[in-house]
Amino acid sequence: MKYILLLLFISTFSVSPSSAQLMEKKEKFTEADTLRGSLNARRTWWNVQRYDIVVQPDLAKRTITGQNRITFSIAKASGEMQIDLQQPMQIDSIVWNYTGGKSLPFSRMNNIAVVSFPSIPQGLKETSITIFFSGKPVIAVRPPWDGGWIWTRDENGNPWISAACQGLGASVWYPCKDHQSDEPDQGASLTMIVPDGLTGVANGRLIKEEAVKPGLKSFTWEVKNPINNYNLIPYIGKYTNFTDTLLGEKGKLDLSYWVLEDHVDDAKKQFTQAKSMLRAFEYWLGPYPFYEDAFKLVEAPHLGMEHQSAIAYGNKFLNGYLGMDLSNTGWGLKWDYIIVHESGHEWFANNITSNDIADMWIHEGYTTYTETLYTEYLFGKQAGNEYNYGLRQNIENQTPIVGPYGVNKEGSGDMYPKTANMIHSIRHAMNNDSLFRSYLRAMNKEFYHAQVDYADIEKITSRYTGWSVSSIFRQYLTTTQIPRFAYALAPDGKTIFYRWENCLEDFDLPVWLGLSSPEGKQVQLRPEGNQWKKWSGDVGINSNSIKEIEKMYYCALRQQTFTEEFK
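Residues numbered from 1 in each chain as written. Predicted model: local features only at pLDDT ≥ 70, side-chain atom pairs only at ≥ 80, totals over all residues. Heavy atoms only, no water.

For the structure shown, the criterion picks out 23 salt bridges. A salt bridge links Lys224 to Glu222; the shortest N-O distance between them is 3.4 Å. Among the residues examined, Lys224 registers a relative accessible area of 51% and is labelled exposed. The class for Glu222 is buried, based on a relative accessible area of 15%. (Salt bridge = Lys/Arg side-chain N within 4 Å of Asp/Glu carboxyl O. Buried < 20%, exposed > 50% of the residue type's maximum accessible area, 1.4 Å probe, protein only.)

Dropping the structure here:
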């Protein structure tokens, strides 16, 4: 099974020529890509503090109307602001709340609006604007393969509405600064105005529910923590709720589950896995990052997405990935892929967020590795090793994992299994699981609710390994070569010559080799790119441990006949 199966469901692909989707091949970039994917003078002078969004869908017309109050701090006053809102959505008006609601002029340019400000008073550190918007948002034809709003009905004919917009961007339906580097520091609220009989569910906690007028109710949800734009998502349907709690590392964590009425029994059985998942991830990664906002699974009209504190769930209450094992080892059928993978994103993507989507491997690679960690937590280290190795079959090595910066474009879909195998390789090179666990926990503590770059992850990884991982990162993330461990064994079985081949010249991933000693002693080898090195000892080399190198480290093996050149 090719790993593209995973990408087809988890990622989004373009069916509209006007929209950019995840994993879509693209070689030429436009000014619109740069405006969306990079920071410019119209974006850097202000920092989002809070979003307060109100949206009312028209189920019959498949249109929405709404408003977004954007509270922002001012780094340096400027006359123009870039607001992102994709066509065909329209901005009806923009008011500056500082002036008592005076309208601000703006002009549209493709998928952005340039807002003109009058003179901003010196000393004004924080202010807000309210943007009124309306229109027919892009419809996701095959969610979540392509992004947009989802207008469907459940099996009983009741309306069931949501959205999925990773990659395509939150600006597909609401106006915002659509760049991962700027999350609302003070959180956000989302109010949905829906027909009676339906329930609106969103991120965080329900803070208000009230009748708006005959036939309509509003549901207001709020997150206290920063949140990625694409994670702010409405779910509207004939929902029912059940709850639980978990005594976690930071105290009582509220657990809440929202599912369609007919699915309560299935959900109560399947969602018991959430507790073991949370315990496993708190053990390996540190406390759940959003205690204030609780943990929530919400049944969705698509397969799944990592919507912060409101994980979208659509795996049909099956173990595996819609009943399939992506590793082909059997271990992947012992737990629910969507519960585990999408919740793993609470630590990697939602807590630790890449500044640029070019570094999406930070999200997907580390989260894919949480599947290995969960498997190990439940079934032991060997099970985790086998699961991780099984994922390797899905690596295609066609293009690099790191994407082009500044144009809102991610790299290869290999970011899922290949990055996970890189992490596993580094873990075995460290040969100290306590230290490796400290590394994962330190990442989530030092980068708590923060945005990071490639260099940040490389730096902290090098700190915990004790050597520079620069060449290792470059090898696996920026090339498509599979390193090859070449070796020649001396006839006495106590001497080995070894090197890395098919790799960068400075590739220097350490490996551990077992010896034929009663106590199972190991030695560390430090092979370098294309340079033969030698190790000799008094104890023989365990030939089986050489074969294990290929399983524990993402590489190939090549045995060379021992000849005179090695003496």
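Still more ground to cover, so stick around.
Before going further, it helps to spend a moment on the sheet that holds strand β23 (residues 484–489). Judged by pairing direction, the sheet is mixed, and its 4 strands sit side by side in the order β27-β24-β23-β28 without closing on themselves. The sheet is open, and its two edges are formed by β27 (533–536) and β28 (556–559), each paired on a single side. Each strand of the sheet is rotated relative to its neighbour by a mean of 25°, with strand direction disregarded. One ladder, built from 6 bridges, connects β23 with strand β24 (residues 495–501); its direction is antiparallel. Residue pairing for β24: Ala488 is matched across the bridge by Phe497. Where helix α13 (residues 543–552) meets the sheet, it contacts β23, β24 and β28, and its direction lies at approximately 150° from that of β28. (Pairing = 2+ DSSP bridges. Helix = DSSP H or I, 4+ residues; strand = E, 2+ residues; numbered from the N terminus. Axes fitted to C-alpha atoms, helices over the stretch in contact; angles between N-to-C directions. Contact = heavy atoms within 4.5 Å.)

Attention shifts here to the nonpolar core. In a soluble, globular protein the nonpolar side chains are often hidden away together inside. Counting 97 residues, the largest nonpolar core has Phe271, Phe295, Trp361, Tyr366 and Phe473 as its most contacted members. Broken down by element, the residue count for this core peaks at 7 residues, all from helix α5 (residues 273–285). Setting aside residues no more than four positions away along its own chain, Tyr366 makes contact with Phe348, Trp361, Ile423, Tyr439, Leu440, Met443, Ile457, Thr461 and Phe473. With 64 residues, the next largest nonpolar core counts Trp96, Val138, Leu190 and Val194 among its residues. (Core = buried A, V, L, I, M, F, W, Y, C linked by side-chain atoms within 4.5 Å.)

Just geometry here; none of it tells us what the structure is for.
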